[in-house]
Structures are given as C-alpha cells and as structure tokens.
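Secondary and tertiary structure notes
Chain residues, written in single-letter form:
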Amino acid sequence: AVEGGDAGPGKGRGMFATQPISKGTLVINLDNGSTGFWKLGHSWREFAVALPREAACNFIEWSWVQTMLPEDENDRDVRNGLTIFIGFDESNLLNAADWDEVEANVRCGRPPEREGGERGPCRFHYYAARDIAAGEELLTDYGEFENLDQSGWTDIGL
C-alpha cells in the first residue's frame, strides 16, 4: 500500500508507504496495464506534442528509455529491446535514492532466492530491498533500468 505525497523541496511529489512493507514484497507492478510504451521515438514525440502543455511536460519528465531483456529465448514480448516507457499510475512518483544520497529501498527485479544470490532481471516488477516503515518515501536506483547518461533517447532516435 503506497500513496503519493510531497517529497520536499527540489523533489516535488514522491511515493510513500502507507503501512510497513517487508523486505522482498512486490511494491510496484508495471506489468498491470498501467504502463504506456513506444517502440519508435517519432511515435512517442507525436503523442507528446498532442498533449496540453502541462501534461506534455509531465509526460516527458516521467518517460524513460529502457532496453528490456527477454526473460528467456521464448519470450516474444513486444516491449523487449529498446523501448520508451511511462507509468500512468503512482509508480511515476518513484524518486531516485541518489538525490537524497541514500541507498535505494526499492529495487527492480525479483529478489535473490537466498542470501548472496542474484536478483532477477530488471523488467516490470519492483520489490522492497529492505523493510520499509510506514510513511517512508520509496526510492530506487534509476541506473537499474535506464542509462543515467540518457543515451537511450539518442539510441531510439530522439
């Protein structure tokens, strides 16, 4: 259970736990029909310019480019490969942990099955990386799912 709220000066809105969240709990599911995606930069741009100005600014700010790796050799999901995404739900309020110079409390990919094991691939599911207290802001590492140098935008033609 999460909700949006004021994350403080310089950050704007954020996502906060409404109750304690245990380590390993699924916090965000972007595979639930609330995520838009574009395979072509031109199509994304056409959509953005058709929006009212304030909505377009938010749309642009909350979009990201991710190279989505297939789960296995049989995975034919159209979202695989270089793709522009935007969450049309509260997930777009998830701020970066490095803005606060803290460790991310939400991580992309299935948690390791045992201590010291590897996380699952970063696809559409975000889990609590540690126990999170009620009222605590949920923060992630944007570098887990996008190139921090923003080169994905150039790679997709924008």
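All of these numbers come straight from a predicted model, not from anything done at the bench. (Residues numbered from 1 in each chain as written. Predicted model: local features only at pLDDT ≥ 70, side-chain atom pairs only at ≥ 80, totals over all residues. Heavy atoms only, no water.)

The secondary structure content of the protein amounts to three helices and ten strands. Secondary structure elements of the protein, listed N to C terminal, follow the sequence β-β-β-β-α-α-β-β-β-β-β-β-α. A globule of 158 residues ought to have a C-alpha radius of gyration of about 15 Å, and the protein, at 16 Å, matches this closely. Over its C-alpha atoms, taken along the principal directions, the protein stretches across nearly 45 × 40 × 30 Å. By the burial criterion, 41% of the 158 residues in the protein qualify as buried. Intrachain contacts of the protein at a sequence separation of at least 6 include 65% that bridge at least 24 residues. By element, 50% of the accessible surface of the protein is carried by carbon and sulfur atoms, the whole surface being about 9100 Å². The averaged location of the 28 negative side-chain charges in the protein is 3 Å from the averaged location of its 14 positive side-chain charges. (Helix = DSSP H or I, 4+ residues; strand = E, 2+ residues; numbered from the N terminus. Rg over C-alpha atoms; globule rule 2.2 N^0.38 Å. Buried < 20%, exposed > 50% of the residue type's maximum accessible area, 1.4 Å probe, protein only. Contact = heavy atoms within 4.5 Å. Areas by Shrake-Rupley, 256 points an atom, 1.4 Å probe, with all protein chains shown as cover. Lys, Arg positive; Asp, Glu negative; His and termini not counted. Charge placed at Lys NZ, Arg CZ, Asp CG, Glu CD.)

Relative to strand β2 (residues 12–17), strand β1 (residues 2–8) runs antiparallel, the two sharing six bridges. Residue G5 lies in a different strand from β2, and its bridge partner there is G14. In textbook terms, the turn of a hairpin is the stretch between consecutive antiparallel strands, and for β1 and β2 this stretch comprises three residues, one of which, G10, has a positive phi near 80 degrees. (Pairing = 2+ DSSP bridges.)

Moving on, we come to the nonpolar core. Counting 22 residues, the largest nonpolar core has I21, I28, Y126, I132 and L138 as its most contacted members. Mapped by element, the contributors of at least two residues to this core are β2, β3 (26–29), β5 (64–68), β8 (106–108) and β9 (125–128). Discounting chain neighbours no more than four positions away, the residues touching Y126 are T25, L26, V27, I28, L30, V106, R107, C108, T140 and F145. Of all hydrophobic cores here, the second largest spans nine residues; its members include W44, A48, V65 and I84. (Core = buried A, V, L, I, M, F, W, Y, C linked by side-chain atoms within 4.5 Å.)

On to the sheet that holds β5. Strand order across the open sheet formed by three strands is β4-β6-β5, with antiparallel pairing between neighbours. In the strand order of this sheet, the two ends are held by β4 (35–38) and β5, each with one partner. On average, each strand axis in the sheet is inclined to that of its neighbour by 40 degrees, with strand direction left out of account. Relative to strand β6 (residues 81–87), β5 runs antiparallel, the two being bridged by five bridges. Across the sheet, residue V65 finds its bridge partner in β6, namely I84. (Axes fitted to C-alpha atoms, helices over the stretch in contact; angles between N-to-C directions.)

Right, let's get into the state of the cysteines. The term disulfide refers to a covalent linkage connecting the sulfur atoms of a pair of cysteines. Evaluation of the coordinates by the stated rule reveals one disulfide. The partner cysteine of C108 in its disulfide is C122, sulfur to sulfur 2.0 Å. Taking the sign of the torsion about the S-S bond as the criterion, the disulfide between C108 and C122, at about 100 degrees, is right-handed. Residue C108 is found in strand β8, and its partner C122 is found in the loop between β8 and β9; the two are separated by 14 residues along the sequence. (Disulfide = S-S within 2.5 Å.)

What characterises a pair of aromatic rings is the spacing of the ring centres plus the angle enclosed by the ring planes. In the structure shown here, the tally under the stated rule is eleven aromatic pairs. For the pair W44 and W153, a centre-to-centre distance of 4.9 Å together with 55 degrees between the ring planes defines the contact as tilted. Highlighted residues: W44 in helix α1 (residues 41–50) and W153 in helix α3 (residues 151–155), separated in sequence by 109 residues. What makes W153 buried here is its relative accessible area of 14%. Considering the side-chain rings of F47 and F59, the 5.2 Å spacing of their centres and the 50 degrees angle between planes classify their relative orientation as tilted. (Phe/Tyr/Trp six-rings, centres within 6.5 Å; stacked < 30°, edge-to-face > 60°.)

Honestly, it's all geometry; don't read function into it.
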